[in-house]
Amino acid sequence: MDNRVLYQKWRPLTFNEIVDQEHITLTLRNSIDQSRTSHAYLFAGPRGVGKTTTARVLAKALNCPESPNCTMQEPGKRKFCEVCKSINAGKMIDLIEIDAASNRTIDNIRDIKDKAMYAPNMGSKKVYIIDEAHGLTGAAQQAFLKLLEEPPENVVIILATTEADSLPLTIVSRCQRFDFKRINHREISNHLSIIAKEEKINIDNSALDLISINSSGSLRDAENLLQQISSIGDEDINEEHLLKFLGMGARSASLEILSLVLEKETDKVLALIQNEVNNGIDPRMIKDRLLKDLRGLIYTKNNLSELLEETEHTINKYSELSKKYSLEVLGEVTTVILKSDIPSNENPPINLEIALLDACLTSKPAPTEAVVQKNVETSKPAPTE
Ligand SMILES: [Zn+2]
């Protein structure tokens, strides 16, 4: 049995398997095809979006003796030569990975410099991947700069960092820079559904969407969350399980509270808030979620729901609710709630109650079609006699 965690087990091994970074993989593939590779690369971007993974695929591409290169295989194919196999297994001695956060001394960099002088053993390039490159200290940075200024033959250095701005310009300017983006939540969902199917994890699509949305564009976070939720029981996993697991009860009640506010049903609003707080939901979290839903309604009202990071189920709800209210009303309610100051874990939740009472008083339902029609009729100028 394979005991590796999901994100290790499902780590992409070829350019085609890398998720949603085509702007980078295409350029790298072309440079390999045309043998116009660089001595130093800088991979910048948020955590969990594929920087180290891409660095390993690049290391493989640089060393693979096969033609076509093993890293250029079509999606779904995983046939590797001996060199690529050893990199996949993390056993290739010419690929050296250094975590700068824990190996930041100047001696470590000198060590790289000394070792880099020797020709590669197995492959054609010696590749250094420096993870968390912003962790290098001043002296180590200087030593590193010297290495970049006169790179030894057959050495390729790939710096990966979440904080490119913390690196000195002198280093950045000597690297070919690639900026990794947050992965689109739909791409994450698609990827997770493949994993779930292969791993026999029974989870429905709306739950997968919810995981993706809650991972802020990090595939690694999404895979870890899928792993955690799959290990809690044998039941089929749905959106409700996941909300509970994430401690996001406020989310499901939020739209209900909002529709009651918009309908000015103050008694029901107060009762529902009390119920949520009794269930351990922080009033401040309810406020945040209400604002997120109001934003969702406003976007939907403007036909921009495709820009929202929400499940299909939630977007359908937005669509239903937003039809009933004017943009003006939604804007006013948002302003009132936005301006409120809700202390964390306040109990009884007086500030939230007052804020929502204010919001109830503000919200006037949009006139229905019939009323508008009637007003138009009555405001017609009377025929002159
Ligand atoms: Zn190969």
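Visitor: Any chance you could explain the coordination of the zinc ion here in plain terms?
Guide: The expected angle between donors at a tetrahedral four-coordinate metal is 109.5 degrees. At an octahedral six-coordinate metal it is 90 or 180 degrees. With distances of 2.3 Å, the protein atoms coordinating the zinc ion are Cys-64 (SG), Cys-70 (SG), Cys-81 (SG) and Cys-84 (SG). Note that the zinc ion binds four donor atoms; their angles at the metal cover 98 to 119 degrees, and the shape is tetrahedral. Of note, the donors binding the zinc ion are all from one chain and are spaced C-x5-C-x10-C-x2-C. A residue is classified by how much of its surface remains accessible, and Cys-64, at 10% relative accessible area, is buried. Overall, the relative accessible area of 6% leaves Cys-70 in the buried class.

Visitor: Quick question: what am I supposed to make of the packing of aromatic side chains here?
Guide: Aromatic ring pairs: the centre-centre distance and the angle between the two ring planes describe each pair. Applying the stated rule across the entire model yields four aromatic pairs. Consider the rings of Tyr-41 and Phe-178, whose centres lie 6.2 Å apart with planes at 25 degrees: the pair is stacked. Pair noted here: Tyr-41 is in strand β1 (residues 40–44) and Phe-178 is in strand β5 (residues 176–179), with a separation of 137 residues, a long-range link. On the basis of relative accessible area, Phe-178 is assigned to the buried category, the value being 6%. Consider the rings of Phe-43 and Phe-178, whose centres lie 5.9 Å apart with planes at 85 degrees: the pair is edge-to-face. Placement of the pair is Phe-43 in strand β1 and Phe-178 in strand β5, with a sequence separation of 135 residues. The burial state of Phe-43 is the same as that of Phe-178; both residues are buried. Among the aromatic residues, those joined into a cluster by ring pairs are Tyr-41, Phe-43, Phe-178 and Phe-180. Here the guanidinium or amino end of Arg-220 rests over the ring plane of Tyr-7, the centre of that ring lying 5.6 Å away. Geometry around Tyr-299 places Arg-295 over its ring, the cationic atom sitting 4.5 Å from the centre.

Visitor: Teacher, can you tell me more about the sheet that holds strand β4 (residues 155–161) here?
Guide: Within a sheet, neighbouring strands are paired by backbone hydrogen bonds and run either parallel or antiparallel to one another. Ordered by their spatial adjacency, five strands build an open sheet running β2-β3-β4-β1-β5, and the pairing between neighbours is parallel. The open sheet has two edge strands with one neighbour each: β2 (95–99) and β5. Averaged over all pairs of adjacent strands, the angle between their axes in this sheet comes to 15 degrees, without regard to strand direction.

Visitor: Just checking my understanding: could you explain the environment of Val-155 for this structure?
Guide: Within the element layout of this structure, Val-155 appears in strand β4. A relative accessible area of 2% places Val-155 in the buried class. Sequence separation of Val-155 and Ser-124 is 31 residues, and the distance between their C-alpha atoms is 9.1 Å.

Visitor: Which parts of the structure should I look at to understand a nonpolar patch on the surface?
Guide: Together, Leu-270, Ile-350, Ile-354 and Leu-357 make up an exposed nonpolar region whose accessible area comes to about 300 Å². A total of three residues in the nonpolar patch trace back to one element, the largest contributor, which is helix α17 (residues 350–362). If you trace the backbone, Leu-357 turns up in helix α17. Leu-357 gets classed as partly exposed once you look at its relative accessible area, which sits at 30%.

Visitor: What is the right way to read a negative patch on the surface from this model?
Guide: On the surface, Asp-99, Glu-132, Glu-163 and Asp-165 cluster together into a negatively charged patch. The topology assignment puts Glu-163 in the loop between β4 and α7 (169–172).

Visitor: It is not clear to me how the packing of helix α13 (residues 266–278) against α17 should be interpreted in this structure. Could you clarify?
Guide: In a pair of packed helices, the angle between the axes and the distance between the axes together describe the arrangement. Put simply, α13 and α17 touch, their axes get as near as 10 Å, and they point 155 degrees apart. Between α13 and α17, the interaxial angle falls into the category roughly antiparallel. Seen from above, α13 lies across α17 with right-handed handedness. On the side of α13, the interface is formed by Thr-266, Val-269, Leu-270, Ile-273 and Gln-274, while α17 contributes Leu-352, Glu-353, Leu-356, Leu-357 and Cys-360. Taken together, the residues of the contact of α13 with α17 sort by class into seven nonpolar, two polar and one charged.

Visitor: Got a minute to help me understand the pattern of salt bridges in this structure?
Guide: Between side chains of opposite charge, a pair can form as their charged atoms come close. The final tally for this structure, using the stated rule, is 12 salt bridges. Two residues, Lys-9 and Glu-199, come together in a salt bridge whose shortest N-O distance is 2.9 Å. Here Glu-199 lies in the loop between α8 (185–198) and α9 (205–213) and Lys-9 lies in helix α1 (residues 6–9), a separation of 190 residues in the sequence. Residue classification places Glu-199 among the partly exposed residues on the basis of a relative accessible area of 23%. The salt bridge partner of Asp-221 is Arg-47, with a shortest N-O separation of 3.0 Å. One end of the pair, Asp-221, is in helix α10 (residues 219–230); the other, Arg-47, is in the loop between β1 and α3 (51–63), with 174 residues separating them in the sequence.

Visitor: Got a minute to help me understand unusual backbone geometry in this structure?
Guide: Backbone geometry follows two general trends: most residues other than glycine have a negative phi, and most peptide bonds adopt the trans configuration. Across the junction of Ser-67 and Pro-68, the peptide omega takes the value 0 degrees, indicating a cis bond. Relative to the helices and strands, Pro-68 resides in the loop between α3 and α4 (82–88). The residue after Asn-347, namely Pro-348, is reached through a cis peptide bond having omega 0 degrees. With respect to the element layout, Pro-348 can be found in the loop between α16 (327–339) and α17. Phi at Glu-132 takes a positive value of approximately 50 degrees, unusual for a residue other than glycine. Secondary-structure assignment places Glu-132 in the loop between β3 (126–131) and α6 (138–149). Looking at Glu-132, the relative accessible area reads 32%, which means it is partly exposed. The backbone of Asn-154 shows a phi angle near 65 degrees, a positive value even though the residue is not glycine.

Conventions and cut-offs
- Residues numbered from 1 in each chain as written.
- Predicted model: local features only at pLDDT ≥ 70, side-chain atom pairs only at ≥ 80, totals over all residues.
- Heavy atoms only, no water.
- Donors = N, O, S within 2.8 Å, 3.2 Å for Na, K, Ca; no water.
- Tetrahedral: all angles 85-135°; square planar, octahedral: opposite > 155°, others 65-115°.
- Buried < 20%, exposed > 50% of the residue type's maximum accessible area, 1.4 Å probe, protein only.
- Phe/Tyr/Trp six-rings, centres within 6.5 Å; stacked < 30°, edge-to-face > 60°.
- Helix = DSSP H or I, 4+ residues; strand = E, 2+ residues; numbered from the N terminus.
- Lys NZ or Arg CZ within 6 Å of the ring centre and 35° of its normal.
- Pairing = 2+ DSSP bridges.
- Axes fitted to C-alpha atoms, helices over the stretch in contact; angles between N-to-C directions.
- Patch = residues over 30% accessible without salt bridge, like charges linked within 9 Å, V, L, I, M, F, W, Y side chains within 5 Å.
- Areas by Shrake-Rupley, 256 points an atom, 1.4 Å probe, with all protein chains shown as cover.
- Salt bridge = Lys/Arg side-chain N within 4 Å of Asp/Glu carboxyl O.
- Lys, Arg positive; Asp, Glu negative; His and termini not counted.
- Charge placed at Lys NZ, Arg CZ, Asp CG, Glu CD.
- Parallel < 35°, antiparallel > 145°, perpendicular 65-115°, else oblique.
- Left-handed = near helix turned anticlockwise from the far one by under 90°.
- Contact = heavy atoms within 4.5 Å.
- Nonpolar A, V, L, I, M, F, W, Y, C, P; charged D, E, K, R; others polar.

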